[in-house]
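# Remarks on the overall topology
Chain residues, written in single-letter form:
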Amino acid sequence: MSRPLIGVTPLYDYNYNSWWIIPGYLDAIIATGGAPVMLPFTDNEDVVKEHIERLDGIIFTGGPDSDPALYGEKPILKLGSTAPIRDVTEIIYFEHAYAKDLPIIGICRGMQLINILLGGSVWQDQPSQFPGTTNHNQREPNYIPTHKVDIIQGSPLSAWYDGLTELEVNSFHHQVLKTVADGVEVIARSQGEDIIEAIYVPEKKFCYGFQWHPETLRKGRKEQDRIFEQLVKAASN
């Protein structure tokens with residue numbers, strides 16, 4: 001049986017005009033039965049369509065903030081760095097992947113972008129605009145969890161984990177979901193506060209977003225592979 005081909009969006013380094021990717025994404029896909037490929041930055045829709053036709057699934061990775069103009073806001077002083085080339089490319093990839101009902105996962109920025117492109121919004125700086133009880137921009141090694149999330153019972157995420165009610169996660173972000181887009185459901189929240197940690201789109205075959213970073217957390221916690229296993233499974237059907 002051939003491995004499903006999973007596209008992964010890269011990061012962009014403006015200082016060196018280069019594309020790069022965190023190996024954890026690729027390692028996780030390989031470990032769970034998929035074949036990863038790094039996608040190019042482009043605004044050429046023909047190129048995007050060619051990739052979408054060949055891909056079996058796609059991951060929108062973590063990274064810098066999305067342009068607030070995408071959700072109708074002006075940037076505040078505490079907005080982080082942005083990457084216009086990522087916004088342009090990932091919008092095109094998402095629109096075509098979503099229309100084709102390709103299995104999709106968004107991680108950190110990727111989850112936020114999915115919500116934005118479906119009509120939602122984010123807090124541009126969670127600590128100042130929507131303060132909670134947890135530091136979501138941790139300084140510890142990226143494979144160490146720093147807080148827990150509560151899994152919504154009865155959700156697909158709960159089923160993935162055989163009814164488990166909570167997970168320990170890592171956290172590297174200063175933006176969080178503000179308005180949840182129509183048609184998007186919340187499936188996990190930060191324990192003890194109202195910060196959204198995972199979402200999905202019920203009407204789609206497989207479209208999920210996770211605020212934490214399972215691709216790095218899986219180093220010491222193999223239960224995080226469940227997320228990639230489910231993507232590969234959906235991409236194989």
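Scroll up to find the structure this text is about.
### Some remarks on the overall build of the protein chain
- In terms of helices and strands, the protein chain carries 8 helices and 13 strands.
- In terms of overall size, the protein chain behaves like a compact globule, its C-alpha atoms giving a radius of gyration of 17 Å where 237 residues would be expected to give roughly 18 Å.
- Structurally, the protein chain occupies a C-alpha span of about 45 × 40 × 35 Å along its principal axes.
- When contacts within the protein chain are restricted to residue pairs at least 6 apart in sequence, long-range pairs at least 24 apart make up 70% of them.
- Summing over all exposed atoms, the protein chain offers an accessible surface of approximately 10500 Å²; the carbon and sulfur share of this is 50%.
- Put simply, the protein chain has 20 plus and 31 minus side-chain charges, and the middle of one group is 3 Å from the middle of the other.

### Re helix H3 (residues 84-100)
- With 17 residues, H3 should reach 24 Å at 1.5 Å per residue; the first-to-last C-alpha distance of 25 Å fits that figure.
- Of the positions making up H3, those classed as buried are Arg 86, Asp 87, Thr 89, Glu 90, Ile 91, Ile 92, Tyr 93, Phe 94, His 96, Ala 97 and Tyr 98.
- Positive phi shows up at Asp 101, right after H3, with a value of about 65°.

### Quick look at the sheet that holds strand E12 (residues 196-200)
- Read from one edge to the other, the open sheet built from 9 strands follows the order E4-E1-E5-E6-E13-E12-E11-E8-E9, with strand pairing classed as mixed. Each edge of the open sheet carries a strand with a single partner, namely strand E4 (35-38) and strand E9 (166-169). Mean inter-strand twist for the sheet, computed between neighbouring axes without regard to direction, equals 20°.
- Pairing geometry for E12 and strand E13 (residues 207-210), over 3 bridges, is antiparallel. Considered in E13, the bridge of Ile 199 is made with Gly 209.
- Together, strand E5 (57-60), strand E6 (104-107) and E13 form the strand contacts of H3, whose direction differs from that of E5 by roughly 145°.

### A closer look at the pairing of E9
- The side-chain alternation of E9 yields one buried face, formed by Leu 167 and Val 169, and one unburied face, formed by Glu 166 and Glu 168.
- Bridge count between strand E8 (residues 147-151) and E9: 4 bridges; the pairing is antiparallel. Residue pairing in the sheet places Asp 150 in a bridge with Glu 166 of E9.

### Considerations on the packing of aromatic side chains
- All told, the structure shown has 13 aromatic pairs when counted by the stated rule.
- Ring geometry for Tyr 200 versus Tyr 208: centroids 5.3 Å apart, planes at 20°, classification stacked. For the pair Tyr 200 and Tyr 208, one class covers both residues: buried.
- The residue whose ring lies beneath Lys 178 is Trp 123, and the NZ or CZ to ring-centre distance is 4.6 Å.
- For Lys 219, the ring lying beneath its charged end belongs to Tyr 143, and the centroid distance is 4.0 Å.

### Quick word on unusual backbone geometry
- If you check the backbone angles, Cys 108 has positive phi at about 55° while not being a glycine.
- Along the chain, the position of Cys 108 falls in the loop between E6 and helix H4 (109-117).
- Since its relative accessible area comes to 4%, Cys 108 is described here as buried.
- Of note in the backbone geometry, Asp 162 takes a positive phi value of approximately 55° without being a glycine.

Rules and cut-offs
- Residues numbered from 1 in each chain as written.
- Predicted model: local features only at pLDDT ≥ 70, side-chain atom pairs only at ≥ 80, totals over all residues.
- Heavy atoms only, no water.
- Helix = DSSP H or I, 4+ residues; strand = E, 2+ residues; numbered from the N terminus.
- Rg over C-alpha atoms; globule rule 2.2 N^0.38 Å.
- Contact = heavy atoms within 4.5 Å.
- Areas by Shrake-Rupley, 256 points an atom, 1.4 Å probe, with all protein chains shown as cover.
- Lys, Arg positive; Asp, Glu negative; His and termini not counted.
- Charge placed at Lys NZ, Arg CZ, Asp CG, Glu CD.
- Expected span 1.5 Å × (residues − 1).
- Buried < 20%, exposed > 50% of the residue type's maximum accessible area, 1.4 Å probe, protein only.
- Pairing = 2+ DSSP bridges.
- Axes fitted to C-alpha atoms, helices over the stretch in contact; angles between N-to-C directions.
- Phe/Tyr/Trp six-rings, centres within 6.5 Å; stacked < 30°, edge-to-face > 60°.
- Lys NZ or Arg CZ within 6 Å of the ring centre and 35° of its normal.

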